[in-house]
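What follows is each chain in one-letter form.
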Amino acid sequence: MTETPVAPEPPRAPRRPSERIVHGVALTEDYAWLRAENWRAVMRDPSVLDTDIRTYLEAENAFAEAYFAPMGEAKTALVAEMRGRIKEDDSSVPAPDGPFAYFSRHREGGQHPLYCRKPLPDGPEAILLDGDKEADGKAYFHFGHWRHTRDHARLAFAADTSGSELYAIRVRDLTSGTDLPDVIEETTGDLLWSADGSVLYYIRRDAEHRPSKVFRHVLGTDPATDTLIYEEPDKGFFVSLGETQSHHYGLIACGDHDTSEVHLLDLTQAAPLPRCIAPRETGVRYEVEHHPSLAGIDSLILLTNADGAEDFKLVTAPTATPERANWRDLVPHRAGRMILSHTLFAGHMARLEREAGLPRIIIRDIASGDEHAIAFDEEAYALGLHPGFGFDTSAVRFTYASMTTPSEVWDYDMASRRREMLKRQEVPSGHDPADYVTRRLYASAPDGESVPVSLLYRKGTPVDGSAPLLLYGYGAYGITIPAGFSTSRLSLVDRGFIYAIAHVRGGTDKGWRWYADGKLAGKTNTFTDFIACAEHLVAEGFTTPDRIVAQGGSAGGMLMGAVANLRPDLFAGIVAEVPFVDVLTTMLDDTLPLTPPEWPEWGNPITDEAAFRRILSYSPVDNVRPQAYPSIFALAGLTDPRVTYWEPAKWVARLRAADTGGRTILLRTNMDAGHGGAAGRFDKLDEVALVYLFALKTVGRTT
């Protein structure tokens, strides 16, 4: 007679209490030891992790593996099903640039992209970068940016081999296919070429992993001798590199979540010095584009919230004198219409904006000022603007998708207003949008605000409360979760789930105010909005509390931790991916990579007692208490510089000690990856499958 296997006991992290006093409040930590003292070294080399910490994380992984082991066949089937919806040799639509068109593709069975080009009009393909070859033998591999020189002779590319977002930059000669000796280590992966292709600009991270210094590298010289051209003095500001569509200027952008400052870099000069457009003013944000002859004047066009333009406006300024005093409105502010981005071409300007929760593209004729919109019909959809390489062109490229409609790539002629669909995402195993329903609902928050909810479900799914539902949320940094298409999501809805996105405050779904009302003193609106969405879906007969699984990642993982504490009765299960749950401790530690830049989002509890007490009131780790929690599945990455691995580890340890309900609590740490999890496109499916299996099992569904 075969004995039934005995389920392993969940790991129990040893308690090693410590205490400190902050603003007169005693903070007790039982699991602070899970933070490696040498965390900076671990980011670069995971093998140096403390043995006690590794032993605990591996025990948690083993416990999670035992939980999923009986579902091995179901996982294999799920992965195969999701993989069957991926066109394995898929490729992007080639983007023309001078004599070539550049594109990416995957080979059959390949995990990583190939970057390619072909001569126009229809020459043979040349593989410039082979991601599978570069990744061979590495536990983790991810391409950062890649940029070719304007003469098409060289290609600079960045790669991360640890998941810690420390990218090494290399330069490839495109004639010989060989790499130059120039190798630049520990960068952000940002790249910018001079006009003649002899100089490469990049950003290094400092000891706290922050992007803070911009360097000029002359090809053929030792990177150790590179010239520092900009250093950010404020440790709360991050630095990034960009380029205007005209290709005349590089952009050194500095900022946090509230304030920005941009410096111009003339790429036609041999050794230009950065020139500040407008000095930073707290609360004023701006982004920059360039036009060499706007109304006959070499001009900058800035997207800004200056002068009380909460949802942003577009202004112009002479390139020679771009300071604030010379800004003039081009597209004035209109409350409720949020301008998201803008791109300049020789004869037109394209801007992406959102109103009433839906995006649209507006085309403006530079000479006449006439405007028109590119129109769409569905109730909820996602839209992206992809300008390509050209400036002297009337063509702009955009992408369109909805929760039922696979992604489409279109070229649009801004002069003739003709549009041409270049590609629709292919689903090899088949997909009929008519088999699915997408809807937009609105839940009423406690303060009367109307919170949008996007829904996807298969036709025939009962709307009588019997269906399980996965409710996804984020709600931070002004990031909007688009109502776009996902092939993997179909595996869940085909098994009877309703998939919902709660567009809670903290994003910009309803304008900048929607973001402002979900940060700092308004942060708890994010949590109560999400709860209101769950309650509304129950009230409308879509599901019941014992059938709801909530999901969120990173800052959305904080949302998961908060609602688990506030309303554990409303959810059967919670999936928290790389969850930012130890908010107070992290915001009190200004040596961590993201802490100073995060203070405008959450508050600075070091100097501000009110911020300290506010964060303490909702920080998920600090508010775990004895109660019956939902089933919880937390995922972490050992080399994650954004949400350090010890945050979810400490959270799970406290949950295990406090939970009175006896439901499953899992922690799975990817020991070879960081914030984004597995890098390979098929390896990622393994992680998605685990999330779906957890959701299915939690609501009692067979697979």
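For clarity, every value in this text was computed on a predicted model and none was experimentally measured.

### As for the overall build of the protein
Looking only at helices and strands, the protein has 13 helices and 38 strands in total. The globule rule puts the C-alpha radius of gyration for 703 residues at 27 Å, and the 25 Å found for the protein is close to it. Across its three principal directions, the C-alpha atoms of the protein cover 80 × 55 × 50 Å. Within the protein, the proportion of its 703 residues that are buried is 58%. Nonlocal contacts in the protein, meaning residues at least 24 apart in sequence, comprise 56% of its contacts between residues at least 6 apart. Computed over 73 positive and 99 negative side-chain charges, the inter-centroid distance for the protein is 2 Å.

### Observations concerning the packing of aromatic side chains
Summed over all chains, the structure comprises 27 aromatic pairs. Summarising the aromatic geometry, the rings of tyrosine 115 and tryptophan 146 are spaced 4.2 Å apart at their centres and angled 25° between planes, so their arrangement reads as stacked. Note that tyrosine 115 is positioned in strand β5 (residues 114–119) and tryptophan 146 in strand β7 (residues 142–148), a separation of 31 residues in sequence. On the basis of relative accessibility, which here comes to 11%, the residue tyrosine 115 falls in the buried class. Following the ring pairs from residue to residue traces out a cluster consisting of Tyr115, Phe141, Phe143, Trp146 and Phe157. It is lysine 118 that lies over the ring of phenylalanine 103; its NZ or CZ is 5.9 Å from the centre. Lying across the ring of tyrosine 67, lysine 697 places its NZ or CZ 4.3 Å from the centre.

### What to know about the nonpolar core
Leu57, Leu471, Phe530 and Trp651 are the most contacted members of the largest nonpolar core, which has 84 residues in total. Not counting residues within four places of it along the chain, the set of residues in contact with leucine 471 comprises Ala500, Ala502, Phe530, Cys533, Ala534, Leu537, Ile548, Val549, Ala550 and Gln551. Core analysis: the second largest hydrophobic core is formed by 43 residues, Phe63, Ala483, Val575 and Leu693 among them.

### Considerations on the sheet that holds strand β20 (residues 297–304)
Taken together, the four strands give an open sheet; going across it, the order is β19-β20-β21-β22, and neighbouring strands pair in antiparallel fashion. Only two strands of the sheet have a single partner each, and these edge strands are β19 (286–294) and β22 (328–331). Here the strands of the sheet are splayed against their neighbours by 35° on average, with no regard to which way each runs. Sheet topology places β20 next to strand β21 (residues 313–318); six bridges connect them, and they run antiparallel. Looking at the pairing, leucine 303 lines up with leucine 314 of β21.

### Digging into the packing of helix α2 (residues 51–68) against helix α12 (residues 646–658)
Two elements in contact, α2 and α12, have axes whose closest approach is 12 Å; the angle formed by their N-to-C orientations is 65°. Put simply, α2 runs roughly perpendicular to α12. For the element pair α2 and α12, the recorded crossing hand is left-handed. For the pair α2 and α12, contact is made by Tyr56, Leu57, Glu60 and Phe63 and by Ala649, Val652, Ala653 and Arg656, respectively. Among the residues forming the contact of α2 with α12, the class breakdown is six nonpolar, no polar and two charged.

### Points about the sheet that holds strand β25 (residues 358–365)
Pairing is antiparallel across the open sheet formed by four strands, whose spatial order is β23-β24-β25-β26. In this open sheet, the two edge strands, each paired with only one partner strand, are β23 (337–344) and β26 (371–374). Going across the sheet, the axis of each strand differs from the next one's by a mean of 25°, ignoring polarity. The pairing of strand β24 (residues 348–355) with β25 spans eight bridges and is antiparallel. Paired with arginine 351 across the bridge in β25 is isoleucine 362.

### Some words on the environment of leucine 128
Looking at the element boundaries, leucine 128 is found in strand β6 (residues 126–130). Taking the C-alpha atoms as reference points, leucine 128 and glycine 448, separated by 320 residues in sequence, lie 55 Å from one another. If sequence neighbours within four positions are ignored, leucine 128 has contacts with Tyr102, Tyr115, Cys116, Arg117, Leu155, Arg172 and Leu174.

### Notes on the confidence of the model for the protein
The share of residues in the protein with pLDDT of 70 or more is 99%, and the mean pLDDT across the chain is 95. Low pLDDT (under 50) marks residues 1–5, which in the prediction has zero contacts with non-local residues, meaning those over four places away or in another chain.

### A look at the environment of leucine 638
Mapped onto the elements of the fold, leucine 638 is located in the loop between β37 (631–637) and α12. Separated by 423 residues in the primary sequence, leucine 638 and phenylalanine 215 have C-alpha atoms spaced 29 Å apart. The contact partners of leucine 638, leaving out residues within four places of it in the chain, are Val42, Pro46, Leu49, Arg54, Leu57, Tyr645, Thr669, Asn670, Met671 and Ala673.

### What to know about the state of the cysteines
Taken as a whole and assessed by the stated rule, the structure comprises zero disulfides. Cysteine cysteine 254 shares no disulfide, and the gap to the nearest cysteine sulfur, in cysteine 276, comes to 8.2 Å. Judged by its relative accessible area of 3%, cysteine 254 falls in the buried class.

### Considering the pairing of β26
The side chains of a regular strand alternate between the sheet's two faces. Going residue by residue along β26, you find His372 and Ile374 tucked away on one face and Glu371 and Ala373 left uncovered on the opposite face. Bridging between β25 and β26 involves four bridges; their strand directions are antiparallel. Across the sheet, residue isoleucine 363 finds its bridge partner in β26, namely histidine 372. Joining the antiparallel neighbours β25 and β26 is a turn of five residues, in which glycine 369 adopts a positive phi near 85°.

### Let's talk about the side chain of threonine 259
For threonine 259, the position within the fold is in the loop between β16 (249–255) and β17 (260–266). Residue class for threonine 259 comes out buried when judged on its relative accessible area of 4%. Within the structure, the side chain of threonine 259 is placed 2.9 Å from the backbone nitrogen of glycine 283, a separation counted as a polar contact. Sequence-distant contacts of threonine 259, that is, excluding residues within four places in its chain, are made with Phe237, Cys254, Arg280, Glu281, Thr282, Gly283, Val284 and Arg285.

### Things to note about unusual backbone geometry
Residue proline 121 is bonded to the preceding leucine 120 through a cis peptide linkage, with omega at 10°. If you trace the backbone, proline 121 turns up in the loop between β5 and β6. Look at alanine 356: it is not a glycine, yet its phi comes out positive at around 55°. The topology assignment puts alanine 356 in the loop between β24 and β25. Its identity as a non-glycine residue notwithstanding, tyrosine 477 has a phi of 60°, on the positive side.

### Points about the pattern of salt bridges
Working definition: two side chains of opposite charge can pair if their charged atoms are close together. Under the counting rule described, the total for this entry stands at 51 salt bridges. Put simply, aspartate 52 and arginine 16 hold a salt bridge, and the shortest N to O gap is 3.7 Å. One end of the pair, aspartate 52, is in helix α2; the other, arginine 16, is in the segment before β1 (18–22), with 36 residues separating them in the sequence. Looking at arginine 16, the relative accessible area reads 40%, which means it is partly exposed. In this structure, the salt-bridge partner of glutamate 243 is arginine 147, at a minimum N-O distance of 3.0 Å. Here the residue glutamate 243 occupies a position in strand β15 (residues 238–243), and arginine 147 occupies one in strand β7, the gap between them amounting to 96 residues. A residue is classified by how much of its surface remains accessible, and glutamate 243, at 24% relative accessible area, is partly exposed. By relative accessible area, which is 28% here, arginine 147 ends up partly exposed. What you see here is one network of salt bridges that share partners, running through Arg334, Arg351, Glu353, Glu355, Arg360, Arg364 and Glu371.

What counts, and at which threshold
- Residues numbered from 1 in each chain as written.
- Predicted model: local features only at pLDDT ≥ 70, side-chain atom pairs only at ≥ 80, totals over all residues.
- Heavy atoms only, no water.
- Helix = DSSP H or I, 4+ residues; strand = E, 2+ residues; numbered from the N terminus.
- Rg over C-alpha atoms; globule rule 2.2 N^0.38 Å.
- Buried < 20%, exposed > 50% of the residue type's maximum accessible area, 1.4 Å probe, protein only.
- Contact = heavy atoms within 4.5 Å.
- Lys, Arg positive; Asp, Glu negative; His and termini not counted.
- Charge placed at Lys NZ, Arg CZ, Asp CG, Glu CD.
- Phe/Tyr/Trp six-rings, centres within 6.5 Å; stacked < 30°, edge-to-face > 60°.
- Lys NZ or Arg CZ within 6 Å of the ring centre and 35° of its normal.
- Core = buried A, V, L, I, M, F, W, Y, C linked by side-chain atoms within 4.5 Å.
- Pairing = 2+ DSSP bridges.
- Axes fitted to C-alpha atoms, helices over the stretch in contact; angles between N-to-C directions.
- Parallel < 35°, antiparallel > 145°, perpendicular 65-115°, else oblique.
- Left-handed = near helix turned anticlockwise from the far one by under 90°.
- Nonpolar A, V, L, I, M, F, W, Y, C, P; charged D, E, K, R; others polar.
- pLDDT = per-residue confidence, 0-100.
- Disulfide = S-S within 2.5 Å.
- Polar contact = N/O pair within 3.5 Å; in protein donor to acceptor, adjacent residues only side chain to side chain.
- Salt bridge = Lys/Arg side-chain N within 4 Å of Asp/Glu carboxyl O.

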